[in-house]
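# Summary of structural features
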There are 2 protein chains.
Amino acid sequence: MRKLLNQPFAAVDERLAGVLRADGDAVELTEGWRGLVLRVRSPRRRVAVVTGGGSGHEPAFFGQLGPGFADGVAVGNVFAAPSSRPVVEVVRRMAPPDGALFVYGNYEGDVMNFGLAAELLADAGIPTETVLVTDDVASGAEPSERRGVAGGLVVVKAAGAAADEGGSLADVAAAAREANARTRSIGVGLAPCTLQTAAEPTFTLAEDEMDVGMGVHGEAGIRRAPRASSAEVAAQLVELLLADRPPAGDPVQVLVNTLGSTTLMEAYVLLGRIVPELEQRGVAVARALAGEYITSLEMAGLSVTLTALGGDLARHLAAPGALLAGPPWRSAA
Amino acid sequence: MRKLLNQPFAAVDERLAGVLRADGDAVELTEGWRGLVLRVRSPRRRVAVVTGGGSGHEPAFFGQLGPGFADGVAVGNVFAAPSSRPVVEVVRRMAPPDGALFVYGNYEGDVMNFGLAAELLADAGIPTETVLVTDDVASGAEPSERRGVAGGLVVVKAAGAAADEGGSLADVAAAAREANARTRSIGVGLAPCTLQTAAEPTFTLAEDEMDVGMGVHGEAGIRRAPRASSAEVAAQLVELLLADRPPAGDPVQVLVNTLGSTTLMEAYVLLGRIVPELEQRGVAVARALAGEYITSLEMAGLSVTLTALGGDLARHLAAPGALLAGPPWRSAA
């Protein structure tokens, strides 16, 4: 474990202190604990867009703050859900006139704590809606069983754009639901990470092996196999994504995400193979993004996220916006 | 070596193909080989700002393209200088009315090939100026002996801003020279990388050891020492940076850069320690940035870059701009 930290259990709060050093002009901590809100929010937004989740996925989730994206975020320990308190506090601090939309990955702890926050806010007269991100096709047959991975950024972007158009809570939730319904991801794991508070890596994987379908906390995927070339992996991942739900004639956005220790070079090489694999199957690629959007500490691996554009979603994903941290999300369609 | 690639020697060109898939609306390859230029360049720029260097440092150097930054970039093999040909081609393609400024790190191969390109362009009647980036204080006593590391981005930003103000070739070169003169960096290495074309890591370092002053190709630093805490490393690095040249009352910009497999969490934790170390020594911090701006494949480590603001430089670094790839560079001062 070659990390440069101080007291391991202090790392998450020290990270937040560093974020305030870098971006204290743009974001502020809520009173209490581990909630961040944008200092300047769009006056057209009647609905706050709130996301969050465990730490260790940097630049997610605090990096998803920014104009056109989320207004507020709640942060948990490494690979652990935030408590309900920062969720409540970010919403109360923003006091959005039409309430808040929660967008987060479908994990038990997040569901429990965001759910509790929704109840507490309802008691205080603040309405909320929730859209669970369920883009990981390797994690279950039914969307309700599926975990959220890199597709969460797509859902946050759609919600942010709908909110920036002055949409109601129902409108913003509908935009987010549509984005999630049209988004599918799958990952491939190459090497584990080690939590700063643990003695052992999160899992073991032989040097020449890969885990097809691995989740962003190292959850086992569909199969382990000898490590293949980028071209072969591209073909396998496209096959699995399109088998799940073909995009029905819509052009797609492709997002290639790298985990912590996989290089941007590998992301672009994979992207260069994914696009022709899609085109050969009659799927047109309208936008492509590559970078380290959501990580798992220093785990090695990549994921591919396809979003079938069409309807309002193409407009929402092309709307202006800027992420607080992480690679650019360009607005051009 | 847990990489996902195809034929190892094809990785650099496959990477460029992927960049065109993602960003072909923003950049184009020059004819021939490994030069990239922005499709839309500021009409106010009379001088092209050209950077470049070896691959393996992604998002550098192609990521330094963008409005407010570089117009053109030339790319070499992994950890190897670009040849003179793409340098010449990017300049000829842009045909800047007042010539081109070259900004690149002080490495022998880059000096030779950019130098040859400058001669070829002079023969064609296109003037150039060169500013070598020499920010790495661990790499020599005299600036002329020093290598360029993360400070190159600061120099490119200053040059881009001066060019956007309509500056002459002399003006743009002066802005870049001033940025380089006011910028100092130092790194700490925690683990090596392995080139995709090699069987062994670039160097060895025990699990509990660190290399203070390591360069971005794994060049040995000032000393090897047992791995310390982030707080201790922050104190050591600030000491070394300020010993080299105190910023003489100017406020500073701090940029914390992570190499490929070091997490953004560690970058923010280190930043949170660097800032008070500076403040305790009477150095005010005006801006702070953290992220993966220049890497060494999957090497682990971080670097800290201080730039003493003042004069035109504060304005140049705060000017609008957007990087093609890599973390945001916010414009607010």
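The structure contained in this document is the topic of the report that follows. Along each chain, residue indices are assigned from 1 in the same order as the chain's sequence is written. Chains and ligands are labelled by the order in which they are written, letters from A for the one and numbers from 1 for the other. Thresholds applied to this predicted model are a pLDDT of at least 70 for local features of residues and 80 or more for the giving and counting of side-chain atom pairs; totals over whole chains, interfaces and linings are not thresholded and use all residues. Only hydrogens and water are set aside when side-chain values are computed; all heavy atoms of the structure are taken into account.

## Considering the interface of chain A and chain B
- Working rule for contacts: check all heavy atoms of both residues, and any pair within 4.5 Å makes them a contact. At the interface, 63 residues of chain A touch 63 residues of chain B.
- For the pair chain A and chain B, the summed buried surface comes to about 5100 Å²; carbon and sulfur atoms form 57% of the total.
- Summed over both partners, buried area is the accessible surface (1.4 Å probe) that two parts give up on being assembled. On the chain A side of the contact with chain B, Arg2, Leu4 and Met265 of chain A bury the most area, a combined 19% of that side's loss.
- One side-chain nitrogen of Lys or Arg within 4 Å of one carboxyl oxygen of Asp or Glu is enough to make a salt bridge. Taken together, the connections running from chain A to chain B amount to six salt bridges.
- The closest approach of N and O atoms between Glu207 of chain A and Arg2 of chain B, which form a salt bridge, is 3.3 Å.

## Focus: the packing of aromatic side chains
- Put simply, two rings from Phe, Tyr or Trp (the six-membered ring, in Trp's case) pair if the centres are within 6.5 Å, and we call them stacked under 30 degrees between planes, edge-to-face over 60, tilted for the rest. All chains considered together, the criterion is met by eight aromatic pairs over all chains.
- Between Phe69 of chain A and Trp329 of chain A, the aromatic rings sit 5.9 Å apart at their centres with planes inclined by 80°, giving edge-to-face as the arrangement. Taken together, the positions of Phe69 of chain A in the loop between β3 (48–55) and β4 (72–78) and Trp329 of chain A in the segment after α8 (312–318) put the pair 260 residues apart, joining distant regions of the chain.
- Here's how the labels work: a residue is buried when its accessible area is under 20% of the maximum for its type, exposed when over 50%, partly exposed in between, all with a 1.4 Å probe on protein chains only. Taking relative accessible area as the criterion, Phe69 of chain A reaches 0% and is therefore assigned buried.
- Classification of Trp329 of chain A by relative accessible area gives buried; the value is 5%.
- Measuring from centroid to centroid gives 5.4 Å for Tyr268 of chain A and Phe62 of chain B, while their planes differ by 80°, and the two rings are edge-to-face. Linking Tyr268 of chain A in helix α7 (residues 264–280) with Phe62 of chain B in the loop between β3 (48–55) and β4 (72–78), this pair reaches from one chain into another. Secondary structure elements are defined from DSSP: runs of H or I of at least 4 residues count as helices, runs of E of at least 2 residues count as strands, and each element is numbered from the N terminus.

## Description of the sheet that holds strand β6 (residues 128–133) of chain B
Residue and element names in this part refer to chain B.
- One open sheet accounts for six strands, arranged β1-β2-β4-β3-β5-β6; its pairing is mixed. Edge positions in the open sheet fall to β1 (27–29) and β6, since each of these has one partner strand only. The mean angle between the axes of side-by-side strands here comes to 25°, regardless of whether they run parallel or antiparallel.
- Note on pairing: two strands pair once DSSP finds at least 2 bridges between them. In the sheet, strand β5 (residues 100–105) pairs with β6 via six bridges, with the strands oriented parallel. Each residue of the ladder has a partner; that of Tyr104, found in β6, is Leu132. Axis definition: a line fit to C-alpha positions, over the contact stretch in the case of helices; interaxial angles, taken between N-to-C directions, run 0 to 180 degrees.

## Description of the environment of Lys3 of chain B
- Within the secondary structure, Lys3 of chain B is located in the segment before α1 (11–23).
- Along the backbone, Lys3 of chain B and Leu195 of chain B are 192 residues apart, and their C-alpha atoms lie at a distance of 9.7 Å.
- Setting aside anything within four residues of it in sequence, one finds Lys3 of chain B in contact with Leu190, Arg227 and Glu266 of chain A together with Thr194, Leu195, Gln196, Leu297 and Glu298 of chain B.
- At 2.7 Å, the side chain of Lys3 of chain B forms a polar contact with the side chain of Glu298 of chain B. Residues adjacent in sequence count toward polar contacts only when both atoms are side-chain atoms; beyond that, a polar contact is any pair of N or O atoms within 3.5 Å, and within protein one must be able to donate a hydrogen and the other to accept it.

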